[in-house]
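Architecture and fold: a report
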Amino acid sequence: MGKFYKLTLCSILLLSLSLVHCIDQDPIAVEDWFKGINTMKEKITNLHFFFHDIVSGNSPTAMRVAQASSYTSLTGFGNLVMADDVLTSGPEPNSTVVGQAQGIYASASMEDLSFLMTMNLAFSDGDFNGSSLSLLGRNPVLHEYREMPIVGGSGVFRMARGIATAKTYSFNLLGDAIVEYNVVVSHY
Ligand SMILES: *[C@@H]1O[C@H](CO)[C@@H](O)[C@H](O)[C@H]1NC(C)=O
Ligand SMILES: *[C@@H]1O[C@H](CO)[C@@H](O)[C@H](O)[C@H]1NC(C)=O
């Protein structure tokens, strides 16, 4: 009964809205979606947001959870940080929240300041609410632009592939940073 209602509601929604608004996560529905992939058109979506990496103060959103015990370097090699950083539409901390960047960044280079980024960008706004993108890449933070692959996604971003470009917007001496992200993904 519950399922029938859900399917019916889904079909009605499908008639009036786009598929985007009706992502059925039932495993059978997911399999059907997957089987139908050849009949779907790939589309391109651009996203623009700001990433607030707050490591200082009383309510940091990024915390060091591990570090190298026997090696110290200027690059902080081995430092591992777990983050639940806020993503907003504008650079101001009080601008509209569009999601969270949840994951790990770790200092992975002995030579320069470069992070291994493994982040889920979990969106909470508008059509993307409940959908996520998975980012896995190298982030040489002192470079103007850091290009990182988007390797997958969920919800409206199923089977996403794309590119994230990060650019530091501002930072302070305590280590807090606001980073501008432009993301372009192709998905179904
Ligand atoms: C956001 O903060 C700025 C100061 O940093 C303030 O001028 C502005 O009014 C605030 N906006 C909202 C919507 O609270
Ligand atoms: C996002 O979805 C959740 C759960 O469906 C809902 O509670 C929330 O209000 C939505 N947020 C926005 C900004 O649409």
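Described below are features of the structure shown in this document. (Residues numbered from 1 in each chain as written. Chains lettered and ligands numbered in written order. Predicted model: local features only at pLDDT ≥ 70, side-chain atom pairs only at ≥ 80, totals over all residues. Heavy atoms only, no water.)

1. Notes on the overall build of the chain
To keep things clear, this is the line we draw: Under the DSSP-based scheme used, a helix requires at least four consecutive residues in state H or I and a strand at least two consecutive residues in state E, with every element numbered from the N terminus. A simple rule labels every residue: compare its accessible area, found with a 1.4 Å probe on the protein chains alone, to the largest value its type can have, and call it buried under 20%, exposed over 50%, or partly exposed in between. The contact criterion used throughout is that any non-hydrogen atoms of two residues lie within 4.5 Å. All accessible-area figures derive from a Shrake-Rupley calculation using a 1.4 Å probe, and residue coverage is judged against the displayed protein chains alone.
Counting its regular elements, the chain contains 2 helices and 9 strands. In the chain, the succession of α and β elements from N to C terminus is α-α-β-β-β-β-β-β-β-β-β. Here the chain holds 188 residues, and 37% of them are scored as buried. Counted over contacts in the chain with a minimum sequence separation of 6, partners at least 24 positions apart contribute 48%. Carbon together with sulfur atoms contributes 60% to the accessible area of the chain, which is approximately 11,100 Å² in total.

2. A look at the nonpolar core
The criterion, for reference: We call a set of buried residues a nonpolar core when its members are Ala, Val, Leu, Ile, Met, Phe, Trp, Tyr or Cys and they connect through side-chain atoms within 4.5 Å of each other.
Grouped together as the largest cluster of nonpolar side chains are 30 residues, with contacts concentrated most on Phe 49, Leu 121, Leu 133, Leu 135 and Tyr 181. Those elements that place two or more of their residues in this core are β1 (43-53), β3 (80-88), β4 (97-107), β5 (114-123), β6 (132-140), β7 (146-154), β8 (161-171) and β9 (177-187). Once residues within four sequence positions are removed from consideration, Phe 49 is found in contact with Leu 87, Thr 88, Val 98, Leu 121, Phe 123, Val 179, Glu 180, Tyr 181 and Val 183.

3. Quick notes on the pairing of β6
When a strand is regular, its side chains alternate between the sheet's two faces. Quick note on the threshold: By the convention used here, strands pair only if DSSP detects at least 2 bridges between them.
When β5 meets β6, the two strands line up antiparallel, connected through 9 bridges. Residue pairing across strands places Met 119 opposite Leu 135, the latter belonging to β6. Here β6 runs beside β7; their pairing, made up of 4 bridges, is antiparallel. Pairing of Ser 132 across the sheet is with Ser 154, part of β7. The antiparallel hairpin formed by β6 and β7 contains 5 residues in its connecting segment.

4. Structural notes on the layout of surface pockets
The criterion, for reference: Whether a set of points on the 1 Å grid over the protein atoms alone is a cavity depends on a 1.4 Å probe fitting there but being unable to get out, while an open set qualifies as a pocket with protein on both sides within 12 Å along at least five of seven lines; lining residues are those with an atom within 4 Å of a point. Grid points are joined across faces, edges and corners, and a volume is the space filled by probe spheres set on the points. Note that Gly is not counted as nonpolar here; it falls among the polar residues with everything else outside the nonpolar set of Ala, Val, Leu, Ile, Met, Phe, Trp, Tyr, Cys and Pro and the charged set of Asp, Glu, Lys and Arg.
Of the volumes computed, that of the largest pocket is approximately 720 Å³. Along the wall of the largest pocket there are 29 residues; nearest its centre are Tyr 105, Leu 113, Phe 115, Val 141 and Gly 175. At the level of secondary structure, the elements contributing two or more residues to the lining of the largest pocket comprise β1, β2 (62-66), β4, β5, β8 and β9. Its residues placed into classes, the lining of the largest pocket shows 17 nonpolar, 8 polar and 4 charged.

5. Topic: the packing of aromatic side chains
Convention followed: Pairs were defined over the aromatic rings of Phe, Tyr and Trp, the Trp ring being its six-membered one, requiring ring centres within 6.5 Å. Orientation was assigned from the angle between planes: stacked under 30 degrees, edge-to-face over 60, tilted for the rest.
This structure, assessed with the given rule, holds 9 aromatic pairs. Residues Phe 51 and Tyr 181 carry aromatic rings whose centres are separated by 5.3 Å and whose planes lie at 35° to one another, so their mutual orientation is tilted. With Phe 51 in strand β1 and Tyr 181 in strand β9, this residue pair connects regions lying 130 residues apart in the sequence. A single burial state applies to Phe 51 and to Tyr 181, both of which are buried.

6. Quick notes on the pattern of salt bridges
Formally: Any Lys or Arg side-chain nitrogen found within 4 Å of a carboxyl oxygen on Asp or Glu counts as a salt bridge.
With the rule as written, the count across this model stands at 4 salt bridges. Between Arg 161 and Glu 42 there is a salt bridge; the shortest N-O distance is 2.4 Å. With Arg 161 in strand β8 and Glu 42 in the loop between α2 (27-35) and β1, this residue pair connects regions lying 119 residues apart in the sequence. The exposure class of Glu 42 is partly exposed, given its relative accessible area of 36%. With its nearest N and O atoms 3.7 Å apart, the salt bridge here joins Lys 167 to Glu 144. One end of the pair, Lys 167, is in strand β8; the other, Glu 144, is in the loop between β6 and β7, and 23 residues separate them in sequence.

7. Overview of unusual backbone geometry
Residues other than glycine seldom take positive phi values, yet Met 159 does so here, at roughly 60°. By the element assignment, Met 159 lies in the loop between β7 and β8.

Function-wise, these values are silent; they only describe arrangement.
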